[in-house]
Amino acid sequence: MKFRKSAAMAAVSALALTATACGGENSSAGNDAKAPAATESAKTWKYPVAKDAQVEGSPAFKAAKARGKLIIGAKSDQPYLGFEDQATKKRSGFDIEIATMVAADLGFTPDQIQWKSFNSDQRETAIAQGQVDYYVGTYSINSKRKKKVGFAGPYYKAGADLLVRKDEADITGKTSLTGKKVCSIKGSTPLQEIQKPEYGARVVELGNYTDCVKQLLAGRIDAVTTDDSILKGFAAQDPTRLKVVGEPFTTELYGIGVDKQDKALRAAINESLTKHVKDGTYKKIYNSTLGLSGSMYTEPPAVNNY
C-alpha cells in the first residue's frame, strides 16, 4: 500500500456547525433542534489529495476507483460529529472531517464522496454487504462487532459522561449522582449503565437526547448521560448554558468500520490516521468541531489491528 501526494488540493466543506439530537445504539434521533450559527472558531481548510493512490489488494478501493466515487457511511443527526443540513444537504462535524481526510489520502476529492446514513443496528450489515466502502460514525469497537466487521483506528477515545447546566456545582462525576435525576434514551447502552445501583441515580427515560436536553434546560432533571463525544456536541451548541462534567466513567474506542477481510484498506486508513495525528491535522479537526465545547484536545490512542 502506498500514497503518492500531489499539489492538487481539494476544498472541504466549511464546518457550518449545526446540531440536532443523537440516538443511542438502538434508538432514533430527534430532528427538531435548530442549527446554531457558525462561529469564528469554525475553520475551513484543504486536504492534499493523493495522486494515483494505490491500495493493493483492497476490493473496496478497487471498486471505488472503478466507479469514481467513494461511498462512506456516517451519522447525519449528531451535533458536531456527523450532521446533514436538510436544506443544503451538506455534511459537517468531527466524523465527517475524519472521513474526508482519509478519503483524500485514498485519492478522492470531496465531490467524489457519496455519503450514506444507517441506523446503528444496520451498520454491520451495510459494511459486510459492501453498501459502503468504510463507515465513520461514533462506531465503538467491541468484541461482538469484530466478529462481523474489521476496524481501523481507534481514532477517538470516548466514554460515558454527564451533561449539566453551566452553573451546576454539585455534580462532579459518577460518585455525585445519588438522588439526582439523570436522563438517557430508551434502549441505549448509556441508559443500561446509569441504571446500575452503584450510581444511585433517579433515571429518566425519554425517546431522544433532544428531549433530555430540553428537560435539563428547563430544570426538570439534573443531568443527561451518553458518550462524551455526543454530549460535547450539545455543549458546543449552547456553551453559555451547558457544560460536560469531563469525568468519563466508561471507555469507548471509536473505529472506522471496514469489511472484515479487507486488511489492505484497514492498513491504509490506519496509516492516514497516524500521519495526520503527527502532522497536526487531526488536532485542527478536533478543535474546530468537538473542541468548541471547551473540552481540551487529547491525542487519540495509537492505531491497532482489529
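Residues numbered from 1 in each chain as written. Predicted model: local features only at pLDDT ≥ 70, side-chain atom pairs only at ≥ 80, totals over all residues. Heavy atoms only, no water.

(A) A look at the overall build of the protein chain. In terms of helices and strands, the protein chain carries 9 helices and 15 strands. Relative to its full complement of 306 residues, the protein chain shows a buried share of 52%. Taking all contacts inside the protein chain whose residues are at least 6 apart in sequence as the whole, residues at least 24 apart take part in 74%. Split by element, the accessible area of the protein chain, about 13,500 Å² in all, is 47% carbon and sulfur. (Helix = DSSP H or I, 4+ residues; strand = E, 2+ residues; numbered from the N terminus. Buried < 20%, exposed > 50% of the residue type's maximum accessible area, 1.4 Å probe, protein only. Contact = heavy atoms within 4.5 Å. Areas by Shrake-Rupley, 256 points an atom, 1.4 Å probe, with all protein chains shown as cover.)

(B) Spotlight on the packing of aromatic side chains. Summed over the entire model, instances satisfying the criterion amount to 13 aromatic pairs. Ring centres 6.4 Å apart and planes at 85° place the aromatic pair Phe-61 and Phe-108 in the edge-to-face group. Of the two residues, Phe-61 sits in helix α1 (residues 59-67) while Phe-108 sits in the loop between α2 (94-105) and β7 (113-116), which places them 47 residues apart along the sequence. Accessibility assignment for this pair places Phe-61 and Phe-108 in one class, buried. Residues Tyr-155 and Tyr-254 carry aromatic rings whose centres are separated by 6.4 Å and whose planes lie at 50° to one another, so their mutual orientation is tilted. Of this pair, Tyr-155 sits in strand β9 (residues 149-158) while Tyr-254 is found in strand β15 (residues 252-259), placing the two residues 99 residues apart along the sequence. Of the two residues examined, Tyr-155 and Tyr-254, each falls in the buried class. Joined through ring pairs, the aromatic side chains of Phe-94, Tyr-155, Tyr-156, Tyr-254, Tyr-282, Tyr-286 and Tyr-297 make up one cluster. The ring of Phe-108 carries the charged tip of Lys-65 above its face, separated from the ring centre by 5.5 Å. (Phe/Tyr/Trp six-rings, centres within 6.5 Å; stacked < 30°, edge-to-face > 60°. Lys NZ or Arg CZ within 6 Å of the ring centre and 35° of its normal.)

(C) Quick look at the confidence of the model for the protein chain. In the predicted model, the protein chain carries a mean pLDDT of 85, and the fraction of residues at 70 or more is 85%. Low confidence marks residues 1-43, where pLDDT is under 50. Its contacts with residues over four positions away, or in another chain, come to 138 contacts. (pLDDT = per-residue confidence, 0-100.)

(D) Up close: the sheet that holds strand β4 (residues 77-78). Taken in spatial order, the 3 strands line up as β4-β5-β6 in an open sheet, and their pairing is antiparallel. Strands at the two margins of the open sheet, each flanked by one partner only, are β4 and β6 (91-92). (Pairing = 2+ DSSP bridges.)

(E) Focus on the pattern of salt bridges. Following the criterion strictly, the structure yields 7 salt bridges and no others. The salt bridge partner of Arg-67 is Asp-133, with a shortest N-O separation of 2.8 Å. In this pair, Arg-67 sits in helix α1 while Asp-133 sits in the loop between α3 (123-128) and β8 (134-136), placing the two residues 66 residues apart along the sequence. Between Glu-124 and Arg-145 there is a salt bridge, with its nearest N and O atoms 3.6 Å apart. With Glu-124 in helix α3 and Arg-145 in helix α4 (residues 143-146), the pair connects residues that are 21 residues apart, well separated along the chain. (Salt bridge = Lys/Arg side-chain N within 4 Å of Asp/Glu carboxyl O.)

(F) Spatial organisation of the side chain of Asp-105. Tracing the chain through its elements places Asp-105 in helix α2. Asp-105 sits in the buried class, given a relative accessible area of 4%.

(G) Representation of the sheet that holds strand β13 (residues 223-227) within the structure. The strand order across the open sheet built from 5 strands is β12-β11-β13-β10-β14, with neighbouring strands paired in mixed fashion. Of all strands in the sheet, those with a lone pairing partner are β12 (202-206) and β14 (242-244), marking the two edges. Between one strand axis and the next, the sheet turns through 30° on average, direction left out of account. One ladder, built from 2 bridges, connects strand β11 (residues 181-185) with β13; its direction is parallel. Residue pairing across strands places Val-182 opposite Ala-223, the latter belonging to β13. In the packing of helix α6 (residues 209-217) onto the sheet, contacts are made with β10 (160-165), β11, β12, β13 and β14, and the angle to β13 comes to roughly 150°. Across the face of the sheet, helix α7 (residues 228-237) comes into contact with β10, β13 and β14 while running at roughly 130° to β13. (Axes fitted to C-alpha atoms, helices over the stretch in contact; angles between N-to-C directions.)

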